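Survey of secondary and tertiary structure
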Amino acid sequence: MSISNAQATPSIQICRIMRPDDANIVGNVHGGTILKMIEEAGCIIGTRHCNSQTGDRCVAALARVERTDFLYPMFIGEVAHVSAEITYTSKNSVEVQVNVLSENIVTGTKKLTNKATLWYVPLSLQNVDKIIEVPPIEYSSPEQEEAGKKRYEAQKLERTETKERNGEIIMSVSLPEPYTVAFSQSSLIHLVGPSDCTLHGFVHGELHSSQSMSGVTMKLMDEVAGIVAARHCKTNIVTASVDAINFHRKIKKGCVITVSGRMTFTSNKSMEIEVFVDADPLVEAEKGKYRAVTAFFTYISLDKENKPLPVPPLKLEGEEEQKRFEEGKARYLQNKAKRLTDKERQQ
Amino acid sequence: MSISNAQATPSIQICRIMRPDDANIVGNVHGGTILKMIEEAGCIIGTRHCNSQTGDRCVAALARVERTDFLYPMFIGEVAHVSAEITYTSKNSVEVQVNVLSENIVTGTKKLTNKATLWYVPLSLQNVDKIIEVPPIEYSSPEQEEAGKKRYEAQKLERTETKERNGEIIMSVSLPEPYTVAFSQSSLIHLVGPSDCTLHGFVHGELHSSQSMSGVTMKLMDEVAGIVAARHCKTNIVTASVDAINFHRKIKKGCVITVSGRMTFTSNKSMEIEVFVDADPLVEAEKGKYRAVTAFFTYISLDKENKPLPVPPLKLEGEEEQKRFEEGKARYLQNKAKRLTDKERQQ
Amino acid sequence: MSISNAQATPSIQICRIMRPDDANIVGNVHGGTILKMIEEAGCIIGTRHCNSQTGDRCVAALARVERTDFLYPMFIGEVAHVSAEITYTSKNSVEVQVNVLSENIVTGTKKLTNKATLWYVPLSLQNVDKIIEVPPIEYSSPEQEEAGKKRYEAQKLERTETKERNGEIIMSVSLPEPYTVAFSQSSLIHLVGPSDCTLHGFVHGELHSSQSMSGVTMKLMDEVAGIVAARHCKTNIVTASVDAINFHRKIKKGCVITVSGRMTFTSNKSMEIEVFVDADPLVEAEKGKYRAVTAFFTYISLDKENKPLPVPPLKLEGEEEQKRFEEGKARYLQNKAKRLTDKERQQ
């Protein structure tokens, strides 16, 4: 049976029903569940596109996720529709834009809940340290291509600039006071298993786990940030947005990853949590631990009608915490200003 | 944002990457994984359609799956595309036709692997015993409607026939009496899959499943013990303690393990369950089954306030059961004495 | 505590939120979930420690868990904190002590729910039958070391005793002969949990699990059929087709389902397996067990190039089995004829 060529239209849609495990106890779907679906869609479309020409077989590895807002909460029983489209290609990278809709199949209501932009880099299956060339896509207009190029240059600059922020989370001996950073900070440890890896291939009949575990990592980051937020405000909390995330180094099967989160800033109705991911190869001990990812998550607190609640202010201790708070405030004000500009532009 | 009305075109497509857990040890995706995806697609489209008119909210419950052939095997790393379409509606039922394609996103190959026909009945959410009316769909021709009606009549006839045949089945020649050992004893089989294994390593580029599955085994042992306890006392039960467990032999990926539990002893407020784990290497037949682990679990029964409830005494049949009960009693008294000593020592 | 040097202080803490799937229907976390987390912590710390010196890479394999008490029940939504510490090392084994705390992140309440002691043995990754040497830990006092040594000697003695006792166990009074129906027949039990249910809804703010679990049931049916087929022919097997399946009665959350399979027919290159699903409402005892679903699965056996292999013929015992074989043959011939007709019609 012949099926029309998928490469011709570089887009994909994945959808599934949200289950109890995808959500917290009051039924709000975790932001991490959605981030994981977004990454799966991006990985499929990116890998498919980069293999559409002859040459080395490859997989698309996630390099960066742009800042993402969660516009509405999603609930258990709703269907999440994730559609992804390739919007720009440079010589060695692919930009994927993803939209997420929630559909209540009982009432028929549909809402746009997320928009995300992801950057992928194709790694050869023969040699995972080799980056291969990306087949170019066609643009509907020169303006479209030009706008893509600008986005590409901007993210490249930011990616190079991102330094490995070295915040070490120190677990305190004495019980910290409520509303301090130390009180809510949390970390979890996860042993990377086979089912964590997104994409696999058979090479010469051998199963070859070729993909890093970016989707799972983002889900765990959201889980830790959520625990920090819940500890701070003791209410039902949901992910409001995620800052740009850069994936500097691969995380492999057999690693133990430590995901740590600490609150950096609170506004009247939001909390910013900084999340670190450290990977430890465990068996290959000589390689040592390394910082794999860092990001900022913003959470809001909701009442029973899913309306935002005031957030208790963060109690700061010491200069370091004060400095991080100021930086968080700057990010908060910048994003607020950006949202206003976007709104005005749309009107 | 406005989204085009899905009810107009009653079709859906779901897709996801096949993972190691979806497949057997040589990489063939289980038929059951595909059946589950087919049912999810059918349930989404059926529920969506039956709620497309005003009236009672409902969910589509699966009533029948027609004979289904698996045309080609699917593999780990391929993307399964499941598309579903409503092809006939009677007054109270919906026929959904589903196609499954496998796509190798690296080579671009696509194959039709399954075709299935499912029948759903909409049940009211207010009253799950009430079947509601199905909104009619439009047919492209009277012949199409006529063919659908024929399929509907044929499956209805077959369903009524099977129902009668099933009614005759006698569950067990002689059902064991409540509160006996035979009444509550239970066993489960589990096929050891990739995600059951705790730790893995790559040795010379080969995936090497190096860790036994002790954690998973203990979880299954507790599951079986819990079912035995619940069958005995028909209340909410929780694990109170586990005896020392020794792991003498490794359980490997691809084994089938049988976990069996039987009640050995009851005190006023506790039940002791003996659990056996037998491993069967399945493919390496010459090795044969072996007993891998045994242990004793103690359960208590709780009321709604989580307070211990009295446990119905175990009815013993035969000398063997009497002997095991006495041994259980000895363990019970010994642990009780030990707990007392520990308490006194702490004071 | 400093994150950087993990090997220096052989301790670890893992934590995660308890989810609906970790618990029974009234919200008590299964003892098995906690045992599995305990083992994960033990395995990580044991493996890390045993790889902290130069020499063979290894993994820590669980050899024994000491008697464990569950002091308080844990609930969905609480965070389980599992901390593990190496407390003794002999030449070839590691003692790990684990504490489990439950934390209610909303009220801030913390409770010690478990204490466990595990013994690990490091197995070489190059040769899993080789036990490697354990790097010694430092003790704070000679008394501490002495106490550890006593625990080591005590568990060693008990392990040897159990091993001898287990060796005596006779697996089955009379093992059925290969290729008979009795030889390959299998059954599993499954406790229907929240994430098994496909669709849910919120009715008056209450999560209302409204959908039956047809998809999960079919997956389990295929799993049992696959185990029967693999036990019969000891090769790689795949689902070739499934007969029509009728769902007469709903299976609800909290039910235990028993899925049983037996081989009914073999042709040269296929096996037919009959699968039964029985549901037991467990707590609502008055309702009793009922047969929920039956179906026929056809499997084929594949070689390494995914080509069909001959199937060993089924050895029949008694009239019943003979009768079922004839019925299976009739279904086989009918389907074969139908496939031929379909092919001709398409030409």
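Bear in mind the structure is a predicted one, so any value in this text is a computation, not a measurement.

**Concerning the overall build of chain A**
Looking only at helices and strands, chain A features five helices and 14 strands. For chain A, the residues scored as buried account for 57% of the 347 residues in total. Put simply, 73% of the contacts in chain A that link residues at least 6 apart link residues at least 24 apart. Per element, the accessible surface of chain A, about 15,100 Å² overall, is 51% carbon and sulfur.

**What to know about the relation of the copies chain B and chain C**
When chain B is fitted to chain C, the best match, at an RMSD of 0.2 Å, comes from turning it 180° and sliding it 0.0 Å along the axis. Given the turn and translation reported, the copies of this chain are related as if by a two-fold rotation axis. Proximity to the rotation axis, assessed at the C-alpha, singles out B:L188 in chain B; its C-alpha lies 2.0 Å from the axis. Most of the interface of chain B is mirrored in chain C, where 98% of its interface residues again form contacts.

**Examining the interface of chain B and chain C**
With 87 residues of chain B at the contact, the number on the chain C side is 86 residues. A buried area of about 8,000 Å², summed over both sides, lies between chain B and chain C, and 59% of it is on carbon and sulfur atoms. Taking the shortest distance from any N to any O, the salt bridge between B:D280 and C:R231 comes out at 3.3 Å. Applying the counting rule to chain B against chain C returns 24 residue pairs in polar contact (both at pLDDT 80 or more). The biggest single contributor to the side of chain B that touches chain C is helix α4 (residues 214–233) of chain B, with 10 residues. Of the residues assigned to the side of chain B that touches chain C, the class counts are 38 nonpolar, 27 polar and 22 charged.

**Looking at the packing of aromatic side chains**
Counted by the stated rule, this structure contains 16 aromatic pairs over all chains. Relative to A:Y139, the ring of A:Y88 lies with its centre 5.9 Å away and its plane at 40°, an arrangement referred to as tilted. Here A:Y88 is found in strand β4 (residues 79–89), whereas its partner A:Y139 is found in the loop between β6 (110–124) and α2 (142–161), with 51 residues between them in sequence. Residues A:Y88 and A:Y139 agree in their burial class; the two are buried. Among the aromatic residues, ring-to-ring pairing joins A:Y88, A:W119, A:Y139 and A:Y152 into one connected group. Of note, B:K111 hangs over the ring of B:Y72, and the distance from its end group to the ring centre comes to 4.5 Å. In this arrangement the basic side chain of C:R331 is found over the ring face of C:F296, its NZ or CZ atom lying 3.6 Å from the centre.

**A few points about the packing of α4(B) against helix α1 (residues 31–50) of chain C**
Across the interface, α4(B) lies against α1(C) with an axial gap of 8 Å and an inter-helix angle of 165°. In terms of orientation, α4(B) lies roughly antiparallel with respect to α1(C). Crossing geometry of α4(B) relative to α1(C) is assigned as right-handed. Taken together, the residues of α1(C) that come into contact with α4(B) (itself represented by B:S214, B:G215, B:V216, B:M218, B:K219 and B:D222) are C:G31, C:G32, C:T33, C:L35, C:K36 and C:E39. A per-class count over the contact of α4(B) with α1(C) returns three nonpolar, five polar and four charged.

**Comments concerning the pattern of salt bridges**
Scanning all chains against the criterion turns up 48 salt bridges over all chains. C:R331 is paired through a salt bridge with C:E272; the nearest N and O atoms lie 2.7 Å apart. Taken as a pair, C:R331 in helix α5 (residues 318–346) and C:E272 in strand β13 (residues 271–280) lie far apart in primary sequence, 59 residues in all. C:E272 carries the same exposure label as C:R331, and that label is buried. What emerges from the salt-bridge pattern is a single network uniting A:R64, A:E66 and A:E158.

**Regarding the domain arrangement of chain A**
Residue and element names in this part refer to chain A. Each assigned domain of chain A is listed with its residue range as follows: domain 1 (8–140) and domain 2 (177–340). Of the roughly 2,600 Å² buried between domain 1 and domain 2 on both sides combined, carbon and sulfur atoms contribute 57%. Where domain 1 touches domain 2, the interface holds one salt bridge. R67 is the partner of D243 in a salt bridge, and the nearest nitrogen-oxygen pair spans 3.4 Å. Put simply, domain 1 and domain 2 have 11 residue pairs in polar contact (both at pLDDT 80 or more) between them. Elements supplying a minimum of two residues to the side of domain 1 that touches domain 2: α1 (31–50), β2 (58–65) and β3 (68–70). Per element, the largest residue contribution to the side of domain 1 that touches domain 2 is eight residues, and it comes from α1. Per-class residue counts for the side of domain 1 that touches domain 2 are 14 nonpolar, nine polar and seven charged.

**Topic: the confidence of the model for chain A**
Residues and elements named next belong to chain A. Per-chain confidence: chain A averages 82 in pLDDT, with 84% of residues scoring 70 or above. Per-residue pLDDT, averaged within each element of chain A, yields its smallest value for strand β9 (residues 206–209) (38) and its largest for strand β5 (residues 94–103) (94). Within the model, the stretch residues 1–8 combines pLDDT values under 50 with 10 contacts to residues more than four positions away or in other chains. Throughout residues 198–211 the model reports pLDDT below 50, and contacts reaching past four residues in sequence, or to other chains, amount to 46 contacts. Taken over the whole predicted complex, pTM reads 0.77, whereas the ipTM for its chain interfaces reads 0.74.

**As for the pairing of β5(A)**
Residues and elements named next belong to chain A. In terms of burial, β5 is largely enclosed, as eight of its 10 residues are buried. Direction of pairing for β4 relative to β5: antiparallel, over a ladder of 10 bridges. Looking at β5, one finds that Y88 is bridged to E95. Counting the residues between successive antiparallel strands, the hairpin from β4 to β5 contains four residues. Relative to β6, β5 is paired through 10 bridges, and the arrangement is antiparallel.

**Quick word on the pairing of strand β12 (residues 256–266) of chain C**
All names here are of chain C. The element β12 is largely enclosed, with a buried count of 10 among its 11 residues. The pairing of strand β7 (residues 186–191) with β12 spans six bridges and is antiparallel. Bridging from a neighbouring strand, I189 pairs with T258 of β12. If you look at the hairpin formed by β12 and β13, you'll find four residues sitting between the two strands.

Rules used in this analysis
- Residues numbered from 1 in each chain as written.
- Chains lettered and ligands numbered in written order.
- Predicted model: local features only at pLDDT ≥ 70, side-chain atom pairs only at ≥ 80, totals over all residues.
- Heavy atoms only, no water.
- Helix = DSSP H or I, 4+ residues; strand = E, 2+ residues; numbered from the N terminus.
- Buried < 20%, exposed > 50% of the residue type's maximum accessible area, 1.4 Å probe, protein only.
- Contact = heavy atoms within 4.5 Å.
- Areas by Shrake-Rupley, 256 points an atom, 1.4 Å probe, with all protein chains shown as cover.
- Least-squares fit on C-alpha atoms with pLDDT ≥ 70 in both.
- Buried area = accessible area lost by both parts, 1.4 Å probe.
- Salt bridge = Lys/Arg side-chain N within 4 Å of Asp/Glu carboxyl O.
- Polar contact = N/O pair within 3.5 Å; in protein donor to acceptor, adjacent residues only side chain to side chain.
- Nonpolar A, V, L, I, M, F, W, Y, C, P; charged D, E, K, R; others polar.
- Phe/Tyr/Trp six-rings, centres within 6.5 Å; stacked < 30°, edge-to-face > 60°.
- Lys NZ or Arg CZ within 6 Å of the ring centre and 35° of its normal.
- Axes fitted to C-alpha atoms, helices over the stretch in contact; angles between N-to-C directions.
- Parallel < 35°, antiparallel > 145°, perpendicular 65-115°, else oblique.
- Left-handed = near helix turned anticlockwise from the far one by under 90°.
- Domains from an automatic or database assignment.
- pLDDT = per-residue confidence, 0-100.
- Pairing = 2+ DSSP bridges.

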